[in-house]
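# Structural overview
If you want the building blocks of each chain, they are given just below.
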Amino acid sequence: MTVRAPAVAGTFYPGTAPELAQVVSALLNDAASSARGKDAPKAIIAPHAGYIYSGPVAAAVYARLAPVRGIIKRVVLLGPVHRVPIRGLALPAAQELATPLGNIRVDAVAVATLKKLPQVTVSAAAHVQEHSLEVHLPFLQQALDEFTLVPLAVGDASAAEVAQVLDVLWGGAETLIVISSDLSHYLSYGDAQAVDRVTAQAIIDLRPSVSHEQACGGTPVNGLLQTARTRGLAPELIDLRNSGDTAGDRNRVVGYGAFAFYEKPAPREMSAEAARAALYGNQGAATIPTDAGHVLLPLARAAIAAELGVRAACPDESAPWLQTTGASFVTLSQSGQLRGCMGTLEANRALGVDVKANAIAAALRDPRFKPLTTAEFDAICVEVSVLSPVEPMQYRDEADAFAQLRPGIDGVIFHYGYHRSTFLPQVWKDFSDVQLFMGHLRHKAGLPPDFWDPEVKLSRYTVTKWREDDGAS
């Protein structure tokens, strides 16, 4: 029985069993209250830096495993290689992986299955010093009962090759998928926040387009996103921070995100296409009731209240249209100033679920603001926007594109490489003309206000919105 010894014990995390157990338990306990009552995910994305930097972010998603502690018996763990370049995905040569908390057995049956795939090899060298997998092991050992492990170091591979591996090992409730990745590296604090917001939105939209500049684990992340889209998983952003928020300075930071993906059956066996048609109709205009704000606004407020532990009116969730697939944004304001805004650009889950998730994210996870406090709850104003399907724009050049935009009507998505940003139609009221609007949109994407390139892609959408102070609640 060969054992892969820990490579970063004593550096990335404590090197002795008592101290390591105490540190990981404390991190999980700190995250337990926000995880209580939540569903257990099928797959997660979590960071892999030293625990002092990324431990709290990783713990936020590992705490979600509490309800299935004794159910999960196999963990499929994928992380990027940092030291030894490889082609495809590599299994370790060892039969066990060790940490100060004990040894974890590699799943021999899964290994035999994966060896039949051409993109999977065995490489002891790829694993011996690799930290992207190792730092997750103590979290798994503390969060779960006994389990076997399928550790895969990911090198030069396509998202499709990763997705095939995940499909082969998907299993049922006994199998957990873990993707290891940090986000942006060594940018200034503000630039990192901008880039990481774009990356987080891509993950929430299930768009397998994350570059290695956005996330060192971009390849396994994209493989999971491709699989999640195919299997209809519902994504959730749980935490988004960087080392400047945890333990480092803010001159050069590393970004960290925690994401969960849930298996949920389609309501009434409705296909995504049928759900979209039911929500938007054939013309792309929302067919939900014009007074839907009487349902959506209390729904958003109640979701925030539940997270904060304060009382709020119980919303009516019986409306059938809440179960149709929809994309929404939730905007919070306080004394007329923005207090948080998060949303989904592409419909991939039930509208009611989407609104609740985005309300919580706007209140607690918008990286531009500190989390909302209980003292602020009564003072916020909630706005819910339901988006039409996104329409890619066709244009000859920058001037032609700008001429097509309809101020006050179009929400706009700017996309160039890994730079991506959006403004809702409501934002037009803050700017006097198209040039100013687009300049701020490009700045939000982390580019100069006057940037243009033939590869720039613009899309637009419209919204139907409801706001509490408009009397819609």
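What you see is a predicted model, and the numbers here were worked out from it, not measured in a lab. (Residues numbered from 1 in each chain as written. Predicted model: local features only at pLDDT ≥ 70, side-chain atom pairs only at ≥ 80, totals over all residues. Heavy atoms only, no water.)

### Structural notes on the overall build of the chain
Applicable threshold: To qualify as a helix, a DSSP run of H or I must reach at least 4 residues; to qualify as a strand, a run of E must reach at least 2; elements of each kind are numbered from the N terminus. Three labels apply to residues, based on accessible area from a 1.4 Å probe with only protein chains included: buried if under 20% of the type maximum, exposed if over 50%, partly exposed otherwise in between. Residue contacts follow a heavy-atom distance rule, with two residues in contact if any of their heavy atoms lie within 4.5 Å. In short, Shrake-Rupley with a 1.4 Å probe defines the accessible areas, and a residue's cover is counted only from the protein chains shown. Neither His nor the chain ends contribute to the count of charged residues, in which Lys and Arg are positive and Asp and Glu negative. To locate a charge, take NZ of a lysine, CZ of an arginine, CG of an aspartate or CD of a glutamate.
Counting its regular elements, the chain contains 16 helices and 20 strands. Principal-axis analysis of the C-alpha atoms gives the chain an extent of 65 × 50 × 45 Å. Counting the 473 residues in the chain, one finds 56% classified as buried. When contacts within the chain are restricted to residue pairs at least 6 apart in sequence, long-range pairs at least 24 apart make up 78% of them. When the accessible area of the chain is evaluated, it comes to approximately 19,400 Å², of which 53% is carbon and sulfur surface. Of the side chains in the chain, 41 bear a positive and 48 a negative charge, and the two mean positions are spaced by 3 Å.

### A closer look at the pairing of strand S13 (residues 328-334)
Across a regular strand the side chains alternate sides, sitting on one face of the sheet and then on the other. Which entries qualify depends on this criterion: Two strands form a pair only when DSSP identifies at least two bridges running between them.
The buried fraction of S13 is high, at 6 of 7 residues. Alignment of S13 against strand S15 (residues 380-387), held across 7 bridges, turns out to be antiparallel. Within S15, the position partnered with Leu332 by the bridge is Val382. Strand direction decides the pairing type here: S13 and strand S14 (residues 337-343), joined by 6 bridges, are antiparallel. Each residue of the ladder has a partner; that of Thr331, found in S14, is Cys341.

### Remarks on the sheet that holds strand S19 (residues 457-461)
Which entries qualify depends on this criterion: Fitting a line to C-alpha atoms yields each axis, with helices limited to the stretch in contact; the angle taken between N-to-C directions then spans 0 to 180 degrees.
Taken in spatial order, the 4 strands of this open sheet run S16-S19-S17-S18, and their pairing is antiparallel. Each having just a single partner strand, strand S16 (391-392) and strand S18 (419-423) make up the two edges of the open sheet. Bridge count between strand S17 (residues 411-416) and S18: 5 bridges; the pairing is antiparallel. Residue Tyr416 lies in a different strand from S18, and its bridge partner there is His419. Contacts from helix H16 (residues 434-444) reach S17, S18 and S19 within the one sheet, and its direction differs from that of S18 by about 135°.

### Here we look at the side chain of Ser333
The condition is simple: Whenever a nitrogen or oxygen atom comes within 3.5 Å of another N or O atom, the pair is scored as a polar contact, on the condition that within protein one atom can donate a hydrogen and the other can accept it, and that pairs from neighbouring residues in sequence are kept only if both atoms are in side chains.
Residue position: Ser333 is located in strand S13. A distance of 3.1 Å separates the side chain of Ser333 from the side chain of Arg467, its partner in a polar contact.

### What about the sheet that holds S14?
Strand order across the open sheet formed by 4 strands is S14-S13-S15-S20, with antiparallel pairing between neighbours. A single partner strand is all that each edge strand has here, and the edge strands are S14 and strand S20 (463-467). Strand-to-strand twist in this sheet, taken as the mean axis angle between neighbours without regard to direction, amounts to 20°. Its contacts with the sheet place helix H13 (residues 351-364) against S13, S14 and S15, and it is angled at close to 35° to S13.

### Quick word on the confidence of the model for the chain
We count it as follows: A residue's pLDDT is the confidence the predictor assigns to it, expressed on a 0 to 100 scale.
Per-residue confidence for the chain gives a mean pLDDT of 91; residues scoring 70 or more make up 94%. Predicted confidence is poor over residues 265-286, with pLDDT under 50, and the contacts of this stretch with residues over four places away or in other chains come to 36 contacts.

### A look at the nonpolar core
Which entries qualify depends on this criterion: Residues belong to one nonpolar core when they are buried, are Ala, Val, Leu, Ile, Met, Phe, Trp, Tyr or Cys, and are joined through side-chain atoms within 4.5 Å.
Counting 112 residues, the largest nonpolar core has Tyr62, Leu140 and Phe261 as its most contacted members. Ranked by residue count, the leading element in this core is helix H12 (residues 293-308), at 8 residues.

### Details of H13
Put simply, the rule is: Every helix has an expected span of 1.5 Å times one less than the residues it contains.
Taking 1.5 Å per residue, 14 residues should reach 20 Å; H13 reaches 20 Å between its end C-alpha atoms and fits that length. Counting buried positions over the 14 residues of H13 gives 11, a clear majority of the element. Looking at H13, one finds that the buried residues are Leu351, Gly352, Asp354, Val355, Ala357, Asn358, Ala359, Ile360, Ala361, Ala362 and Ala363.

### Some details on the environment of Tyr13
Inspection of the secondary structure puts Tyr13 in the loop between strand S1 (3-4) and helix H1 (17-35). The buried category is assigned to Tyr13, whose relative accessible area is 2%. Separated by 38 residues in sequence, Tyr13 and Tyr51 place their C-alpha atoms 5.7 Å apart. If we skip the residues at most four places from it in the chain, Tyr13 touches Pro6, Val8, Leu20, Tyr51, Thr99, Pro100, Glu134, Val135 and Pro138. A polar side-chain atom of Tyr13 sits 2.5 Å from a polar atom in the side chain of Glu134.

### Focus on the environment of Pro392
Following the sequence through the fold, Pro392 ends up in strand S16. When the C-alpha atoms of Pro392 and Arg460 are compared, they prove to be 6.5 Å apart, with 68 residues separating the residues in sequence. Excluding residues within four positions of it along the chain, Pro392 makes contact with Leu458 and Ser459.

### Structural notes on the packing of aromatic side chains
Convention followed: Side-chain rings of Phe, Tyr and Trp (the six-membered ring for Trp) are treated as a pair once their centres are within 6.5 Å; stacked means planes under 30 degrees apart, edge-to-face means over 60, and tilted covers the remaining angles.
Per the stated rule, a full pass over the model turns up 10 aromatic pairs. Ring geometry for Trp428 and Phe437: centres 3.7 Å apart, planes at 5°, overall stacked. Owing to a relative accessible area of 6%, Trp428 belongs among the buried residues under this scheme. Of the residues examined, Phe437 reaches a relative accessible area of 0% and is grouped as buried. Here a set of aromatic residues connected by ring pairs shows up, and it is made of Tyr13, Tyr51, Tyr62 and Phe139.

### With respect to H1
In a regular helix each residue adds 1.5 Å, so 19 residues correspond to 27 Å; H1 covers 26 Å between its end C-alpha atoms and thus fits that length. All buried positions along H1 are accounted for by Leu20, Val24, Leu27, Leu28, Ala31 and Ala35. Once H1 finishes, Gly37 follows within two positions and takes phi at roughly 80°, a positive value.

### Here's the deal with the pairing of strand S3 (residues 74-80)
Of all 7 residues in S3, 7 are buried, a share of seventy percent or more. Residues of S3 alternate between two faces, with Arg74, Val76, Leu78 and Pro80 on one and Val75, Leu77 and Gly79 on the opposite face, all of them buried. Inspection of the sheet shows S3 paired to strand S8 (residues 148-154) by 7 bridges, in the parallel sense. Following the sheet pairing, Pro80 is matched in S8 by Val154.

### Details of the packing of H12 against H13
The line we're drawing: Just so you know how the angles are binned, under 35 degrees is roughly parallel, over 145 roughly antiparallel, 65 to 115 roughly perpendicular, and the rest oblique. Should the near helix be turned counterclockwise from the far one by less than a right angle, the crossing is left-handed, whereas a clockwise turn marks it as right-handed. When residues are grouped by polarity, Ala, Val, Leu, Ile, Met, Phe, Trp, Tyr, Cys and Pro land in nonpolar, Asp, Glu, Lys and Arg in charged, and all others, Gly among them, in polar.
Packing of H12 against H13 brings their axes to within 8 Å, and their N-to-C directions diverge by 50°. Relative to H13, the element H12 lies oblique. Like other packed secondary-structure pairs, H12 and H13 cross with a definite hand, here right-handed. Judged by residue contacts, Leu296, Leu299, Ala300, Ala303, Ile304, Glu307 and Leu308 of H12 engage Gly352, Val355, Lys356, Ala359, Ile360, Ala363 and Leu364 from H13. Within the contact of H12 with H13, the residues separate by chemical class into 11 nonpolar, 1 polar and 2 charged.

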